[in-house]
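# Examination of the molecular architecture
Take a look at the letters that make up each chain.
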Amino acid sequence: IFKAIKMSFEKDPDAEGDVSQFGALTTALSSTIGTGNIIGVGTAIAMGGPGAVLWMWLTGIFGIATKYSETLIALKYRVKSEDGSMIGGAMSALERGKNWKWLGIIFALLAAVCAFGIGCMVQSNSIGSVFETAFGVPAWAIGIVLVVICAIIFLGGVQRLASVCEKLVPIMAALLLACAAIILICRMKYIPATFGMIFRYAFKPQAIIGGAFGAALKAAISQGAKRGLFSNEAGMGSTPHAHAQANVEHPHDQGVVAMAGVFIDTFVVLTLNALVIISTLYTADGPLHAMGAAAASTAINKANLAQTAFGTVFGSGFGAMF
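## A few points about unusual backbone geometry
Of note in this structure, Asn-99 is not a glycine but carries a positive phi near 60°. Mapped onto the elements of the fold, Asn-99 is located in the loop between helix H5 (90–97) and helix H6 (101–135). Despite not being glycine, Glu-233 has its phi angle at roughly 55°, a positive value. Along the chain, Glu-233 turns up in the loop between helix H11 (213–232) and helix H12 (240–243). With relative accessibility at 9%, the residue Glu-233 sits in the buried group.

Listed below in structure tokens is the structure:
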């Protein structure tokens, strides 16, 4: 992983590409660090219990291999467009690697549709709802602001997008990790119990979710797997488009860099956020201690689990705002 991060800062003057390897990595991370591992992990824990986190980790392990493969293929079959920019992804691989242009067209169309759903609607709704909870600003007003900001960035092309992500993503991740570390230090005595719940409720989820064992286990695995995949987007074919822009000669190199993205997303950001939520809300003095999965909707108000968890240490006002 450290080698992959180091490689992301290397520059190959003879290689083709539109953005640096680090720019491609942060652009890909900008779509995964956020809603998936902040809002998503809270939803997974609320609906699947703390044990869902274990299934997120397992999904991430396989996701590292998947991310490497799809990124390598995207760079191997990328092409240069008429304006000189690089184009790569599943659609190019299907057309050039398998001569299945028809399937590449279907993928491109479905990816465009999905961009509005899991790529825009879920994110903007989450941003709007947390702003409304923290600051009392109507969600529709935040939506208008988002449209303006995104338009300014997107109309500047992939170079402007990568430039913004290179600056914002590290700051965003660093702030989140720093505050999560403070909370975990304050809740240090509950850390062993937190890990205990993750492993115990992964295999005995009915103790916290309720219902029959089979149904509870299905809920824990389902929530963990799909929220984990939504977080790191491994195998979805979305982030390779960003990696295909990288200024790198060998596809293997960017594939390794992409693997670091899954590690950062799942095993650093998602894990710390999950530990914060469980150690503050589900342990002995937490508001959801010994309560079932349905408790989150009644015991927690409009704030999501992440906002509530950060508020237990920083105060409800600042926790929600942060």
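That was the structure; now back to the text.
## What about the confidence of the model for the chain?
Scored by pLDDT, the chain has a mean of 86; 95% of the residues are at 70 or more. Considering each helix and strand of the chain separately, the mean pLDDT is smallest for helix H14 (residues 295–299), with a value of 56, and largest for helix H7 (residues 139–154), with 93.

## Points about helix H2 (residues 21–30)
Extensive coverage of H2 is indicated by the burial of nine of its 10 residues. Residues of H2 that are buried: Gln-21, Phe-22, Gly-23, Ala-24, Leu-25, Thr-26, Thr-27, Ala-28 and Leu-29. Summarising the contacts, the buried residues of H2 are in contact with helix H1 (2–8), helix H8 (157–186), H12 and helix H13 (251–281).

## Some points on a nonpolar patch on the surface
Nonpolar side chains collect at one region of the surface, where Trp-100, Trp-102, Ile-106 and Leu-110 lie side by side and expose about 440 Å² of accessible area between them. As for its position among the elements, Trp-100 is in the loop between H5 and H6.

## Considering the nonpolar core
Judged by nonpolar contacts, the single largest core of 49 residues is most densely connected at Ile-45, Ile-277 and Tyr-282. In terms of residues, this core owes the most to one element, H13, which gives 12 residues. Not counting chain neighbours up to four residues away, the residues in contact with Ile-277 comprise Val-41, Gly-42, Ile-45, Tyr-282, Leu-305, Ala-306 and Ala-309. By size, the runner-up hydrophobic cluster in this structure holds six residues, among which are Val-19, Leu-75, Ala-246 and Val-248.

## Considering helix H15 (residues 305–314)
Of all 10 residues that make up H15, seven are buried, and the element is covered over most of its length. Turning to H15, its buried residues number three or more, namely Leu-305, Ala-306, Gln-307, Thr-308, Ala-309, Phe-310 and Gly-311. Immediately beyond the C-terminal end of H15, within one or two residues, lies Gly-315, with a positive phi of roughly 95°.

## Looking at the environment of Leu-288
Inspection of the secondary structure puts Leu-288 in the loop between H13 and H14. The sequence separation of Leu-288 and Ala-46 amounts to 242 residues, and the corresponding C-alpha distance is 9.5 Å.

## As for the side chain of Ser-231
Examined against the element boundaries, Ser-231 turns out to sit in helix H11. For Ser-231, the contacting residues outside a window of four places in its chain are Thr-32, Gly-36, Asn-37, Asp-265 and Leu-270.

## Some points on the packing of H8 against H15
At a minimum axis separation of 10 Å, H8 and H15 run at an interaxial angle of 60°. As far as their axial angle goes, H15 and H8 are oblique. Where H8 crosses over H15, the handedness of that crossing is left-handed. Side by side, H8 and H15 meet where Leu-176, Cys-179, Ala-180, Ile-182, Ile-183 and Cys-186 of the first sit next to Ala-309, Phe-310, Val-313 and Phe-314 of the second. Its residues placed into classes, the contact of H8 with H15 shows 10 nonpolar, no polar and no charged.

## What to know about the pattern of salt bridges
As enumerated under the stated definition, the model contains two salt bridges in all. Notably, a salt bridge pairs Glu-70 with Lys-67, separated by 3.9 Å at the nearest N-O pair. A residue pair is termed a helical-turn pair when its members lie 3 or 4 positions apart in one helix, as Glu-70 and Lys-67 do in helix H4 (residues 52–76) at three residues. Neither residue differs from the other here; Glu-70 and Lys-67 are each classed as buried. Between Asp-285 and Arg-187 there is a salt bridge; the shortest N-O distance is 2.7 Å. Here Asp-285 is found in the loop between H13 and H14, whereas its partner Arg-187 is found in the loop between H8 and helix H9 (191–203), with 98 residues between them in sequence. A residue is classified by how much of its surface remains accessible, and Asp-285, at 47% relative accessible area, is partly exposed. In this structure Arg-187 comes out as buried when scored by relative accessible area, which is 12%.

Basis of the calculations
Residues numbered from 1 in each chain as written. Predicted model: local features only at pLDDT ≥ 70, side-chain atom pairs only at ≥ 80, totals over all residues. Heavy atoms only, no water. Helix = DSSP H or I, 4+ residues; strand = E, 2+ residues; numbered from the N terminus. Buried < 20%, exposed > 50% of the residue type's maximum accessible area, 1.4 Å probe, protein only. pLDDT = per-residue confidence, 0-100. Contact = heavy atoms within 4.5 Å. Patch = residues over 30% accessible without salt bridge, like charges linked within 9 Å, V, L, I, M, F, W, Y side chains within 5 Å. Areas by Shrake-Rupley, 256 points an atom, 1.4 Å probe, with all protein chains shown as cover. Salt bridge = Lys/Arg side-chain N within 4 Å of Asp/Glu carboxyl O. Core = buried A, V, L, I, M, F, W, Y, C linked by side-chain atoms within 4.5 Å. Axes fitted to C-alpha atoms, helices over the stretch in contact; angles between N-to-C directions. Parallel < 35°, antiparallel > 145°, perpendicular 65-115°, else oblique. Left-handed = near helix turned anticlockwise from the far one by under 90°. Nonpolar A, V, L, I, M, F, W, Y, C, P; charged D, E, K, R; others polar.

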